[in-house]
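Survey of secondary and tertiary structure
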Amino acid sequence: MLKIRIPASTANLGSGFDSLGIALNLYNYIEIEEAEGCFISSADGSEIPAGEDNLIYLSAKKVFEKAAVPFRGLKITEENNIPFARGLGSSSACIAGGVFGANEILGRPFSKDELLDIAAEIEGHPDNVSPALLGGFTANAADGKKVCFVKSEVSEKLVFAAFVPPFELKTADARAVMPKEVSVRDSVFNLSRSALITASFLSGKYENLKTGCEDKLHQPFRLPLIPGGEKIIEESYKKGSLAAYISGAGSTMMAIFDCGNEKAGEIAKEILSSADFNGWKYFILNADNSGAAAL
Ligand code: HSE
């Protein structure tokens, strides 16, 4: 039985819609082996699709197909620690886990770059599956069926405070509220900031992250779906955050700090102590620079 670990991820980073992402040290675990049929169970009691529509199963099957190897079935046991439908890459972790696991079972017919192409084709965009597979900060551009990317390690000094609300937000619903067309002015606003935040992560010029994560493409339309989200951004900046934004499609709000994990935890606790945030919880995380791995 093969056991693998897949990190959570925070996508978009504000301005880099469908392009940028960072892997985080919050992990799902999957045990996977070939079987005669579909056998899926949860190790943590969470409700999961147990049929052939299970995303790990589907993604693994795709790799067998691409490798032209007859597919008999799989036995999968999942331990899900990444909250579902909260903008922390839970679906992408399933896809990355499925393609990575199948590739290991088959003796690695595909490189990680090729696995990323397969995973991004399943997900539809690369910004979560890329860091989930590769770790670190990744900048991605999908060109047809090929993902061109750069991966860079993220400093352990950066702390990611993930503010997780008690409600889910489905990616499809969060995409549905976005405008179909945007002005050249707003496009320039975003492309300049996504270039800035990318260069600033790569060079360590973290004082640029606040401007770099500003966005006019998706956050203004999604924030009304996340009551309290705007206040998290405001409070985080008041308390010294380097960047605060909607993680992926939401509903989690992310704030990046450089004050150490303990202090960031105190800040997160203080922010959530307000009555506005009943039922919210927080994770204090750092980047994962390894990506999906066999244990
Ligand atoms: N880039 C995606 C979005 C991430 O914001 O819709 C969630 O899949």
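Nothing here was measured: the structure is a model prediction, and the numbers come from that model. (Residues numbered from 1 in each chain as written. Predicted model: local features only at pLDDT ≥ 70, side-chain atom pairs only at ≥ 80, totals over all residues. Heavy atoms only, no water.)

Focus on the overall build of the protein
Helix and strand counts for the protein stand at 10 helices and 11 strands. Taking 19 Å as the expected radius of gyration for a compact globule of 295 residues, we find that the protein reaches 19 Å, a close match to that expectation. Here the protein, with 295 residues, has 54% of them falling under the buried criterion. Taking contacts inside the protein between residues at least 6 apart in sequence as the whole, the part at least 24 apart equals 73%. Total accessible area on the protein is roughly 12500 Å²; 51% of this is exposed by carbon and sulfur atoms. (Helix = DSSP H or I, 4+ residues; strand = E, 2+ residues; numbered from the N terminus. Rg over C-alpha atoms; globule rule 2.2 N^0.38 Å. Buried < 20%, exposed > 50% of the residue type's maximum accessible area, 1.4 Å probe, protein only. Contact = heavy atoms within 4.5 Å. Areas by Shrake-Rupley, 256 points an atom, 1.4 Å probe, with all protein chains shown as cover.)

Some remarks on the site of the ligand
Near the ligand the following residues occur: Asn 12, Phe 17, Asp 18, His 125, Asp 127, Asn 128, Thr 171, Arg 175, Arg 222, Gly 248 and Ala 249. Contacts to the ligand include Asp 127, whose side-chain N or O atom sits 2.6 Å from a nitrogen atom. When the ligand is considered free in solution it has 260 Å² of accessible area, and contact with the protein chains removes 96% of it. Most atoms of the ligand, that is more than half of them, are within 2 Å of grid points of the largest pocket. Its residues assigned to classes, the shell around the ligand shows two nonpolar, five polar and four charged. (Near = heavy atom within 4 Å. Polar contact = N/O pair within 3.5 Å; in protein donor to acceptor, adjacent residues only side chain to side chain. 1 Å grid on protein atoms, 1.4 Å probe; cavity = no way out; pocket = protein on both sides within 12 Å on 5 of 7 lines; lining within 4 Å. Sits in = over half its atoms within 2 Å of the grid points. Nonpolar A, V, L, I, M, F, W, Y, C, P; charged D, E, K, R; others polar.)

Observations regarding the nonpolar core
Core analysis: the largest hydrophobic core is formed by 60 residues, its most contacted members being Ile 22, Leu 133, Phe 160 and Phe 201. In this structure Phe 160 touches Ile 22, Leu 24, Val 154, Met 254, Ala 255, Ile 256, Phe 283, Ile 284, Leu 285, Asn 286 and Ala 287, once residues within four positions along its chain are discounted. Residues Ile 246, Ala 249, Ala 255 and Ala 268 belong to the second largest nonpolar core, which totals 22 residues. (Core = buried A, V, L, I, M, F, W, Y, C linked by side-chain atoms within 4.5 Å.)

So, the packing of helix α1 (residues 55-66) against helix α3 (residues 112-123)
Where α1 meets α3, the closest approach of the two axes is 11 Å, and the angle between their N-to-C directions is 125°. Regarding the angle of α1 to α3, the classification is oblique. When you trace α1 past α3, the crossing you get is right-handed. Between α1, through Ser 59, Lys 62, Val 63 and Lys 66, and α3, the contact on the second element is made entirely by Leu 115, Ile 118, Glu 121 and Ile 122. The residue makeup of the contact of α1 with α3, split by class, is four nonpolar, one polar and three charged. (Axes fitted to C-alpha atoms, helices over the stretch in contact; angles between N-to-C directions. Parallel < 35°, antiparallel > 145°, perpendicular 65-115°, else oblique. Left-handed = near helix turned anticlockwise from the far one by under 90°.)

Some remarks on empty space enclosed by the protein
A complete count under the given rule lists one cavity of 30 Å³ or more for this structure. Quantified by volume, the largest cavity comes out at close to 30 Å³. What lines the largest cavity is Phe 137, Ser 152, Glu 153, Val 154, Ser 155, Phe 201, Leu 202 and Tyr 206. Class assignment of the residues belonging to the lining of the largest cavity gives a composition of five nonpolar, two polar and one charged. (Points joined across faces, edges and corners; volume = space filled by probe spheres on them.)

A few points about the environment of Glu 214
One can find Glu 214 in the loop between α7 (209-212) and α8 (219-222). Classification of Glu 214 as partly exposed rests on a relative accessible area of 32%. Sequence-wise, Glu 214 and Lys 238 are 24 residues apart; in three dimensions their C-alpha atoms are separated by 16 Å. Within the structure, Glu 214 has its side chain in polar contact with the side chain of Arg 193 (distance 2.7 Å).

Concerning helix α6 (residues 184-203)
Look at α6: 28 Å from first C-alpha to last across 20 residues, which is about the 28 Å you get at 1.5 Å a residue. All of the buried residues in α6 are Phe 189, Asn 190, Arg 193, Ser 194, Ile 197, Thr 198, Ser 200 and Phe 201. An end-on view of α6 places all buried positions within 165° of arc, on one side of the element. When the buried face of α6 is taken as reference, the exposed residues oriented beyond 90 degrees from it are Val 184, Arg 185, Leu 191 and Ser 203. The inward-facing, buried residues of α6 abut β2 (20-34), β5 (137-143), α7 and β9 (253-257). Gly 204, located one to two residues past α6, shows a positive phi value of around 80°. (Expected span 1.5 Å × (residues − 1). Arc of directions from axis to C-beta.)

A few points about the layout of surface pockets
Volume-wise, the largest pocket comes out at about 700 Å³. Lining the largest pocket are 37 residues, and of these Ala 85, Ser 90, Ser 91, Ser 92 and Thr 171 sit closest to its centre. No other element matches the four residues that helix α2 (residues 90-105) contributes to the lining of the largest pocket. Tallied by class, residues from the lining of the largest pocket come to 14 nonpolar, 12 polar and 11 charged.

Some remarks on helix α9 (residues 229-238)
Buried residues of α9: Gly 229, Ile 232, Ile 233, Glu 235 and Ser 236, and no others. Buried positions along α9 lie against β7 (159-164), β8 (243-246), β9 and α10 (261-272). Within two residues after α9, Gly 240 carries a phi angle of roughly 95°, on the positive side.

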